[in-house]
Amino acid sequence: MEKPTCPKCEHQKVVKSGVIGGRQRFKCKKCGYHFTVNKLGKSIDKYYVVKALQLYIEGISYREIERILGVSHVSVMNWVKQYKIKSPENYDYRPTYKVLNHTELVKYMAHKENLMDTGMLITELGDKFMIIKWERFKNR
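Because the structure is predicted, anything quoted here is derived from the model rather than measured.

## Remarks on the overall build of the protein chain
Scanning the protein chain for helices and strands turns up four helices and six strands. In the protein chain, the succession of helices and strands from N to C terminus is β-β-β-α-α-α-β-α-β-β. Across the protein chain, contacts joining residues at least 24 apart in sequence account for 47% of those joining residues at least 6 apart. Carbon together with sulfur atoms contributes 50% to the accessible area of the protein chain, which is approximately 10700 Å² in total.

What follows is the structure in structure tokens.
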């Protein structure tokens, strides 16, 4: 690991100065400032970001996306803000979804009644497939 530069004066000459909270601490030889290196943090695979945004655009709620992908609904909200995704308009249709493996998908698609009178989207979800269908709201 190469030595970092001082975040205060950007001087190159720094020395190790102990460990704080499991992270290496440094001291700048020029200004005497103590600092630690930045945490890299956890990053989420871009695959899940794209899938979460696709599901959001299709009208699935943040909490449902959290249950489907296992990614925090707050992260999904932050991605929607970050990428400036507009919320879907409210129509008389609502999305329903099913997560199926390949065999179940083939059986599902074999039944003609599953393909009639509906809009449908099939997307890959890891090693499974997700079917999103739009059905009309029933006014009661």
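## Looking at the sheet that holds strand E3 (residues 34-36)
On the basis of which strands lie adjacent, the open sheet formed by three strands has the order E1-E2-E3 and antiparallel pairing. Every other strand in the sheet has two partners, leaving strand E1 (14-20) and E3 as the edge strands with one partner each. Ignoring which end each strand starts from, the neighbouring axes of this sheet average 35° apart. Across five bridges, E1 lies against strand E2 (residues 23-28) in antiparallel orientation. Note that in E2 the partner of Ile20 across the bridge is Arg23.

## Things to note about the nonpolar core
Of all hydrophobic cores here, the largest spans 16 residues; its most connected members are Leu55, Ile65, Ile68, Leu69 and Trp79. Mapped onto this core, the elements with two or more residues apiece are helix H1 (46-57), helix H2 (62-69), helix H3 (73-82) and strand E6 (128-136). No other element matches H1, which puts five residues into this core. Contact partners of Trp79, with chain neighbours within four places excluded, come to Ile44, Tyr48, Val49, Ala52, Leu53 and Val71. Val14, Phe26, Cys28 and Phe35 belong to the second-largest nonpolar core, a separate cluster that totals five residues.

## Here we look at H2
Since the α-helix packs 3.6 residues into each turn, any two residues three or four apart lie on the same face. Taken together, the buried positions of H2 are occupied by Ile65, Ile68 and Leu69. The arc that holds every buried residue of H2, seen down its axis, measures 80°, which confines them to one face. Gly70 sits one or two residues past H2 and shows a positive phi near 75°.

## Focus: the state of the cysteines
Tallied over the entire structure, the rule returns zero disulfides. Unpaired in this structure, Cys9 has its nearest cysteine sulfur neighbour in Cys28, at a distance of 3.6 Å. Judged by relative accessible area, Cys9 falls into the partly exposed class, the value being 29%. Lacking any disulfide linkage, Cys31 is separated from the closest cysteine sulfur, that of Cys28, by 3.7 Å. Cys31 gets classed as partly exposed once you look at its relative accessible area, which sits at 38%.

## Let's talk about the side chain of Lys51
Within the secondary structure layout, Lys51 lies in helix H1. Among buried charged residues, Lys51 stands out as having no salt bridge; its nearest opposite-charge side chain is Glu124, 5.6 Å away. Here the side chain of Lys51 touches Glu124 through a polar contact of 2.8 Å, landing on its backbone oxygen. Lys51 has contacts with Leu69, Thr123 and Glu124, leaving out every residue within four places of it along the chain.

## Here we look at a positive patch on the surface
Taken together, the side chains of Lys3, Lys13, Lys16, Lys27 and Lys29 define a basic patch exposed on the protein surface. Lys27 sits in the partly exposed class, given a relative accessible area of 35%.

Procedures and definitions
- Residues numbered from 1 in each chain as written.
- Predicted model: local features only at pLDDT ≥ 70, side-chain atom pairs only at ≥ 80, totals over all residues.
- Heavy atoms only, no water.
- Helix = DSSP H or I, 4+ residues; strand = E, 2+ residues; numbered from the N terminus.
- Contact = heavy atoms within 4.5 Å.
- Areas by Shrake-Rupley, 256 points an atom, 1.4 Å probe, with all protein chains shown as cover.
- Pairing = 2+ DSSP bridges.
- Axes fitted to C-alpha atoms, helices over the stretch in contact; angles between N-to-C directions.
- Core = buried A, V, L, I, M, F, W, Y, C linked by side-chain atoms within 4.5 Å.
- Buried < 20%, exposed > 50% of the residue type's maximum accessible area, 1.4 Å probe, protein only.
- Arc of directions from axis to C-beta.
- Disulfide = S-S within 2.5 Å.
- Lys, Arg positive; Asp, Glu negative; His and termini not counted.
- Salt bridge = Lys/Arg side-chain N within 4 Å of Asp/Glu carboxyl O.
- Polar contact = N/O pair within 3.5 Å; in protein donor to acceptor, adjacent residues only side chain to side chain.
- Patch = residues over 30% accessible without salt bridge, like charges linked within 9 Å, V, L, I, M, F, W, Y side chains within 5 Å.
- Charge placed at Lys NZ, Arg CZ, Asp CG, Glu CD.

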